[in-house]
Amino acid sequence: MEKKKVVVAFSGGLDTSFTVMYLAREMGYEVYAACADTGGFSPEQLSRNRENAYKLGAAEYVTLDVKEEYYRKSIRYMVYGNVLRNGTYPISVSSERIFQATAIARYAREIGASAIAHGSTGAGNDQVRFDMTFAVLCPEMEIITLTRDKALSRQEEVDYLNAHGFKADFAKLKYSYNIGLWGTSICGGEILDSTQGLPEEAYLKPVTKTGSERVDLTFREGQLVAVNGRKYAPVEAIQVLERQLEGYGLGRDNHVGDTIIGIKGRVGFEAAAPMLILSAHKYLEKFTLSKWQQYWKEQVGNWYGMFLHESQYLEPVMRDMEALLESSQRNVSGTVTMTVGPKWAECTGVDTPNDLVKNPFGEYGEMQKGWSSEDAKGFIKVLETPLRIYYNRHPEEA
């Protein structure tokens with residue numbers, strides 16, 4: 001009898017390693033291990049994943065490069081909307097998961113799988129993101145989650161793998177990291193204590209640089225297209241900027257927010273390039289967008305980020321929000337000059353052909369050219385009328 005095919009969303013970690021071996025040995029599946037790379041794996045890690053997948057019993061291993069799709073369908077809209085969850089977190093991991101799941105689902109359909117598996121536990125947001133995406137895109141496939149459904153401990157999984165000849169370093173570290181194109185999240189350690197923050201040694205990129213340097217970021221219709229005058233494709237631009245900023249300790253913070261499953265959670269992160277890009281982009285918009293464009297785009301950006309975090313990327317209204325965000329960027333072009341140093345960064349200037357600050361009607365606090373003194377007094381008189389009416393009726397409140 002032909003074996004049923006199952007695709008495992010494979011990261012190379014303990015839970016997905018256990019899943020591959022258990023499905024192959026105990027449940028008789030033909031296992032396809034698929035690693036969806038959204039920018040968090042080095043070539044060495046991907047090579048090790050391939051080697052380990054076959055040792056664990058996989059019939060096939062594949063790396064799915066999702067970086068360009070992740071940028072095109074998510075990151076650029078997060079930049080357009082200046083998306084920071086709770087004004088703090090650039091939605092690094094939560095935005096990645098949807099596109100990892102989408103790529104896994106697409107691959108599962110291509111090979112004719114009857115089931116799809118992931119290693120999420122029952123305690124976090126990722127189980128929702130993977131399950132929902134698979135259920136919508138592959139409704140005919142069974143979703144298998146051994147770690148969650150069997151309530152397995154780390155030690156039970158390690159013991160099983162060791163008993164069947166697979167040895168690897170699965171020691172539980174003090175901190176756990178999720179690394180991707182749009183930042184690194186840090187869980188565990190001091191972050192579990194509300195009275196503490198993360199120490200320097202918790203960050204993967206320590207502060208090694210002193211002094212300061214200038215960084216020029218060039219945008220075209222809202223997308224980063226050049227770093228220090230050199231042109232790059234958007235994904236490469238993010239990677240180049242991240243390498244340049246390494247050693248300054250930028251983009252660090254901790255985020256406290258409401259999870260999809262109803263409890264509050266806290267996560268540390270370091271995202272130097274994403275935070276610098278968002279800061280520069282928002283600064284450029286102040287020069288190139290009208291007051292009401294900025295206002296309404298901020299509302300939509302907040303909703304977009306919330307829906308993305310809450311596993312609602314496939315909700316049709318997201319396409320409508322993306323259309324508005326993209327339209328808003330038609331004049332957001334120019335170069336932002338920034339100065340960066342250890343744990344600080346500031347926007348110091350903008351060069352754009354769409355500068356609304358420089359105009360023929362006036363210069364704030366200096367000289368008006370678009371109206372007369374009498375025009376100004378008439379404008380103020382009209383503007384104050386509603387207040388005069390109210391306090392004429394309610395003088396006791398004045």
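So, here is what we can say about the structure in this document. Position numbers for residues count from 1 along each chain, tracking the sequence in the order it is written. Given that the model is predicted, a residue must reach a pLDDT of at least 70 before its local features are reported, and side-chain atom pairs must reach 80 or more before they are shown or counted; all residues, however, enter totals for whole chains, interfaces and linings. In computing side-chain values, all of the structure's heavy atoms are included and hydrogens and water are not.

Considerations on the overall build of the protein chain
Thought 1: Elements are defined by DSSP. Helices are runs of H or I of four residues or more, strands are runs of E of two residues or more, and each kind is numbered from the N terminus. Check the secondary structure of the protein chain and you find twelve helices and 16 strands.
Thought 2: Considered along the principal axes of its C-alpha atoms, the protein chain spans approximately 90 × 50 × 45 Å.
Thought 3: Should any heavy atoms of two residues lie within 4.5 Å, those residues are considered in contact. Long-range pairs, those at least 24 residues apart, make up 72% of the contacts in the protein chain between residues at least 6 apart in sequence.
Thought 4: The method behind every accessible area is Shrake-Rupley, applied with a 1.4 Å probe, and residues are considered shielded solely by the protein chains displayed. On the protein chain, roughly 20,400 Å² of surface is accessible, and the fraction owed to carbon and sulfur atoms is 52%.
Thought 5: Only four residue types enter the tally: Lys and Arg on the positive side, Asp and Glu on the negative side; His and the chain ends are excluded. Think of each charge as sitting on NZ of Lys, CZ of Arg, CG of Asp or CD of Glu. For the protein chain, the separation between the mean place of its 45 positive charges and that of its 52 negative charges on side chains is 1 Å.

Describing unusual backbone geometry
Thought 1: One non-glycine residue, Asn228, lies in positive phi territory at about 55°.
Thought 2: As for its placement among the helices and strands, Asn228 is situated in the loop between strand S9 (223-227) and strand S10 (230-231).
Thought 3: A residue is classified by how much of its surface remains accessible, and Asn228, at 38% relative accessible area, is partly exposed.
Thought 4: Phi is positive for Lys343, which is not a glycine, with a value near 65°.
Thought 5: By the element assignment, Lys343 lies in the loop between strand S13 (334-341) and strand S14 (344-351).
Thought 6: Classification of Lys343 as exposed rests on a relative accessible area of 56%. Each residue is assigned to one of three classes by its accessible area relative to the maximum for its type, calculated with a 1.4 Å probe on protein chains only: buried under 20%, partly exposed between the two thresholds, exposed over 50%.

Here we look at the side chain of Ser94
Thought 1: Mapped onto the elements of the fold, Ser94 is located in helix H4 (residues 92-111).
Thought 2: Under the relative-accessibility criterion, Ser94 is labelled buried at 3%.
Thought 3: Beyond its immediate sequence surroundings of up to four residues, Ser94 is in contact with Tyr89, Arg129, Leu308 and His309.

With respect to the pattern of salt bridges
Thought 1: Whenever Lys or Arg places a side-chain nitrogen within 4 Å of a carboxyl oxygen from Asp or Glu, that contact is recorded as a salt bridge. All chains considered together, the criterion is met by 25 salt bridges.
Thought 2: For the salt bridge of Arg97 with Glu96, the shortest nitrogen-to-oxygen distance reads 3.9 Å. Of the two residues examined, Arg97 and Glu96, each falls in the buried class.
Thought 3: Shared partners join several salt bridges into a network, and the residues in it are Glu96, Arg97, Asp126 and Arg129.

As for the sheet that holds S9
Thought 1: On the basis of which strands lie adjacent, the open sheet formed by five strands has the order S10-S9-S8-S13-S14 and antiparallel pairing. Each edge of the open sheet is held by one strand with a lone partner, namely S10 and S14.
Thought 2: One ladder, built from seven bridges, connects S13 with S14; its direction is antiparallel. Within S14, the position partnered with Met338 by the bridge is Cys347. Strands qualify as paired when DSSP identifies two bridges or more between them.

Digging into the pairing of strand S6 (residues 175-180)
Thought 1: One ladder, built from six bridges, connects S6 with strand S7 (residues 183-188); its direction is antiparallel. Bridge pairing links Tyr175 to Gly188 in S7.
Thought 2: Once S6 ends, the chain turns through two residues before running back antiparallel as S7.

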